[in-house]
Amino acid sequence: AQGGKETGPEGQKEKKTMIDNITVTITTPSEREAVVTREFNAPAALVFEAVTRADLIKRWYGAAGSLDSCESDPRVGGSWRFAFTAGGKQMAKYGVYNEFDPPRRFVRTERYEGWDEYEALLTVELVERQGKTTMTQTFLFPTQELRDQVMKMGLTPQAMSAFYERLDVLLASL
């Protein structure tokens, strides 16, 4: 119906990407945490590799071609760094792997160059059931104010759902 809430297939497809296709759950269990949960149609070992190996990260992370460089040394004490351009500004996020337990869990620090310097702690846990993997990412920020700022800037259900669509495509191709 024209002007109504119902749309045809083309209109629905456009809306689905932004509004209807929410594939993550985001919770704030404490003042400084944000927890992102999402299921992937792939075994845990494959998801683990796709989020820790530089050659695979380059194939899905961010918009196509948005990573200027990607380094990842996935082991305890190994460093990682992703450089990208956002809003015309050169930026990079980087850190060190503190724990590494493939394919179940890793913990790493996360800092940003070119933005307010702070260090967050990211814990990623993968649980596989019947060939599907639930990934739970827990971000621990130094302050509630910083967590809230990051959540307003892009740690939203819409943004994170769109972010992981490219990982879905990669996982299906492996």
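Structure first, text after, so check above.
Now for a look at the structure at hand. (Residues numbered from 1 in each chain as written. Predicted model: local features only at pLDDT ≥ 70, side-chain atom pairs only at ≥ 80, totals over all residues. Heavy atoms only, no water.)

Here strand E6 (residues 105-113) runs beside strand E7 (residues 119-129); their pairing, made up of seven bridges, is antiparallel. Its bridge partner lying in E7, Phe106 is registered against Val124. Strand direction decides the pairing type here: E7 and strand E8 (residues 132-140), joined by nine bridges, are antiparallel. Residue pairing across strands places Leu122 opposite Phe139, the latter belonging to E8. The antiparallel pairing of E7 with E8 creates a hairpin that spans two residues between the two strands, and Gln130 there sits at a positive phi of about 50 degrees. (Pairing = 2+ DSSP bridges. Helix = DSSP H or I, 4+ residues; strand = E, 2+ residues; numbered from the N terminus.)

On inspection of all chains with the given rule, the structure shows 15 aromatic pairs. Seen from their ring centres, Tyr118 and Phe141 are 6.2 Å apart, and the 50 degrees between their planes marks the pair as tilted. One end of the pair, Tyr118, is in the loop between E6 and E7; the other, Phe141, is in the loop between E8 and helix H4 (144-153), and 23 residues separate them in sequence. Here the two residues Tyr118 and Phe141 agree in accessibility, since each one is buried. The interplanar angle of 15 degrees and the centroid separation of 6.1 Å between the aromatic rings of Phe139 and Phe141 together place this pair among those described as stacked. Phe141 carries the same exposure label as Phe139, and that label is buried. Aromatic rings pair up to connect Phe40, Trp60, Tyr61, Trp80, Phe82, Phe163 and Tyr164 into one cluster. Over the aromatic face of Trp80 sits the side chain of Arg108, whose NZ or CZ is 3.9 Å from the ring centroid. (Phe/Tyr/Trp six-rings, centres within 6.5 Å; stacked < 30°, edge-to-face > 60°. Buried < 20%, exposed > 50% of the residue type's maximum accessible area, 1.4 Å probe, protein only. Lys NZ or Arg CZ within 6 Å of the ring centre and 35° of its normal.)

In this section: the pairing of strand E5 (residues 89-101). Each regular strand shows side chains that alternate between the opposite faces of the sheet. Bridge count between strand E4 (residues 79-86) and E5: eight bridges; the pairing is antiparallel. Counted as the bridge partner of Trp80 is Gly95 from E5. Between the antiparallel neighbours E4 and E5 lie two residues, among them Gly87 with a positive phi of about 60 degrees. Here seven bridges tie E5 to E6, and the two strands are oriented antiparallel to one another. Looking across to E6, one finds that Tyr94 is bridged to Arg111.

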